[in-house]
Amino acid sequence: MVRVNSHYQMLQAGYLFPEIQRRIKAFSAQHPDADLVRLGIGDVTEPLPAACCQAMAAAVEAMGTGTGFHGYGPEQGYHWLRQTIARHDYQQRGCAVEADEIFISDGSKCDTSNILDILGDDNRIAVTDPVYPVYVDSNVMAGHTGPADDQGRYGGLQYLPLTADNHFRAPLPATPADLIYLCFPNNPTGAVATRAELQRWVDYARSHEALILFDAAYEAFIQDPDLPHSIFEIEGARDCAIEFRSFSKNAGFTGTRCAFTVVPRSLTGRTGDGDEASLWQLWNRRQSTKFNGVGYVAQRGAEAVYSSAGQAQVARLTSFYMENAAIIRQQLQDLGLAVYGGQHAPYVWVRTPESMGSWQFFDRLLQEARVVGTPGVGFGAAGEGYLRLSAFNSRDRVETAMARIARCSLQ
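About the thresholds
- Residues numbered from 1 in each chain as written.
- Predicted model: local features only at pLDDT ≥ 70, side-chain atom pairs only at ≥ 80, totals over all residues.
- Heavy atoms only, no water.
- Helix = DSSP H or I, 4+ residues; strand = E, 2+ residues; numbered from the N terminus.
- Rg over C-alpha atoms; globule rule 2.2 N^0.38 Å.
- Buried < 20%, exposed > 50% of the residue type's maximum accessible area, 1.4 Å probe, protein only.
- Contact = heavy atoms within 4.5 Å.
- Areas by Shrake-Rupley, 256 points an atom, 1.4 Å probe, with all protein chains shown as cover.
- Salt bridge = Lys/Arg side-chain N within 4 Å of Asp/Glu carboxyl O.
- Pairing = 2+ DSSP bridges.
- Axes fitted to C-alpha atoms, helices over the stretch in contact; angles between N-to-C directions.
- Left-handed = near helix turned anticlockwise from the far one by under 90°.
- Nonpolar A, V, L, I, M, F, W, Y, C, P; charged D, E, K, R; others polar.

**Q** Can you break down the overall build of the chain residue by residue, with the values?
**A** Counting its regular elements, the chain contains eleven helices and 15 strands. Relative to the globule expectation of 22 Å for 411 residues, the C-alpha radius of gyration of the chain, 21 Å, shows essentially globular dimensions. When the backbone C-alpha atoms are referred to their principal axes, the chain occupies close to 60 × 55 × 55 Å. Residues counted as buried form 53% of the 411 residues belonging to the chain. For the chain, the proportion of contacts with a sequence separation of at least 24, taken over those separated by at least 6, is 73%. A total of about 17,700 Å² of accessible surface is found on the chain, and carbon and sulfur atoms cover 48% of it.

**Q** Account for the pattern of salt bridges, with residues named and values stated.
**A** A complete count under the given rule lists 22 salt bridges for this structure. In the salt-bridge network here, residues are joined through shared partners; they are Glu-19, Arg-22, Arg-23 and Asp-363.

**Q** Can you lay out the sheet that holds strand β4 (residues 157–161) for me, pointing to particular residues and giving the numbers?
**A** Within a beta sheet, neighbouring strands are joined by backbone hydrogen bonds and run either parallel or antiparallel to one another. One open sheet holds the seven strands; their spatial order is β2-β8-β7-β6-β5-β3-β4, and the pairing between them is mixed. Two strands lie at the open edges of the sheet, namely β2 (102–105) and β4, each paired on one side alone. Between one strand axis and the next, the sheet turns by 20° as a mean value, whatever way the strands run. Pairing of strand β6 (residues 211–215) with strand β7 (residues 241–246), which is carried by four bridges, proceeds in the parallel orientation. For Ile-212, the partnering residue across the bridge sits in β7 and is Ala-241. Where helix α5 (residues 133–141) meets the sheet, its contacts fall on β3 (125–129), β4, β5 (179–183) and β6, and the angle it forms with β5 comes to roughly 155°.

**Q** Would you mind going over the packing of helix α2 (residues 50–63) against helix α8 (residues 296–304) in detail, with residue names and values included?
**A** Two quantities define a packed helix pair, namely the angle between the axes and the distance from one axis to the other. Where α2 contacts α8, the two axes come as close as 8 Å, and the packing angle between them is 145°. Classified by chirality, the crossing of α8 by α2 is right-handed. When α2 is examined against α8, the residues Ala-51, Cys-52, Ala-55, Met-56, Ala-59, Val-60 and Met-63 are found in contact with a partner set consisting of Tyr-296, Val-297, Ala-298, Arg-300, Gly-301 and Ala-304. By residue class, the composition of the contact of α2 with α8 is eleven nonpolar, one polar and one charged.

**Q** Quick rundown of unusual backbone geometry? Include the residues and the values.
**A** With an omega of 10°, the peptide bond running from Asp-129 to Pro-130 counts as cis. Among the structural elements, Pro-130 can be located in the loop between β3 and α5. Backbone torsion omega between Phe-184 and Pro-185 reads -10°, so that peptide bond is classified as cis. Checked against the element boundaries, Pro-185 lands in the loop between β5 and α6 (195–207). Although it is not a glycine, Glu-209 adopts a positive phi angle of roughly 55°. With respect to the helices and strands, Glu-209 occurs in the loop between α6 and β6. Overall, Glu-209 belongs to the exposed group, its relative accessible area being 60%. Backbone geometry places Ser-355, a non-glycine residue, at a positive phi of 75°. Relative to the assigned elements, Ser-355 resides in the loop between β12 (347–351) and α10 (358–369). Judged by its relative accessible area of 75%, Ser-355 falls in the exposed class.

Here it is as C-alpha cells:
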C-alpha cells in the first residue's frame, strides 16, 4: 500500500480558516436565514481597479489574435513586469533590487511555503507568536518540527511572543536561529516595524548567518512615511533576507492571483558539506522545475497597478479599507475593549472581554451579532484572548457589524 507523508498527521485538527468555515456551516444549518457579516478571512470585497481590468481585457483580446497570442511564459515572469516592479517598489525607494531578482508567482501564501523546497531540513526555525498559520503548518508538513504540545506549539520551533506587554515587538531569539519568519505590517496583530527595529533583525541575521523570510504583503497600508515598506530599505538586508509581496490586498487580486518574491543574487546558504550555495540559483531551478508561471493576462493586470491611473485607484482602495479599519477600531474602543492594529494594516486585533477565550468570543459574536471574526488562538498560543477583525468589506457591512456588536452582551 502507498505510504503517506506522516508529517501531515501532526497538523492540528484543521487549518484555522477551514475550521471557521465548519463552524459557520453548522450555524447556518441551524439558522438558514441568518445574515452574516464576514470580517474573518482577509479576502477583499471591492472591485478590481479599472486600470487593471482594462489592461486584462486588452490582453484577452490580444490572446485571440495570431500576433498577440502568448503560450508558456517565462517561469520567473515576464521581464516587463519584473522591471516595472523593480523600478517602482524598490529602486525609487533606494533599494538595490534588480528585475532578475524578482520572481512572479500566483501568491505569497504559495511562495512562503514553497521556499522550504530549497532550504535544509535541519535549520533552527523562529516564528513570531501569534503568526500567519501557513509559516508553521508548512514546516510541519515538511517534517521540520516535532509534535504539538497542549497549547499547539510545535517542538523544534522557537516562538517569539508578540504581546501587548512588549508592544507586539518580537524579541530576538533567545537561542540561535537559522531561519526567521517576519511579517510587517503584521498579520494578525496589525503591528508595524520601525527602521531601527528591522535593522536590529538584519544585524542579528548577519551575525548569526541566518535567513529572514520577510512577508510584506500589507506594505501598501502603511500610513507613516517614515516606516519602511521593504526589508531591503535596511542596510545589509541583501545579505540575509528574502521578501514576499502580493497584489492580493492592495489591488484586490485575491481571485486574480499574482504576487512576487525577491531573492537577491548575492544571497547564499550552506550545503551539507559546508560549501556556499546561491539561493537565487536554487529558487530559479525550483521555479523552473515546479512552476509554469503566472498567466499573461494576470501579469498585464499587475503591470497596470503601476500606471498613473492604477496607482491612484490602488491608493483609493487602500484608503477605503483603512477607513473601515478606523471605524472598527474606534467603535470597539467606545465599547471599552482594548484594541490594537488598524492604523497601518487592515486588521484590528481586539482583546476579548474578561474571562472569555478566543473561540468563546468568536462563537458569541457569531451567535449574537451574526458577525464572523478570526479567533486569535488560531494564530498561535500567544493569540489566546484575542480576536482579529478584518477591514476587508463594504462600508455598509462594516457599519452593520459594529452596530450589532454594540448590542451584544460582551461580559
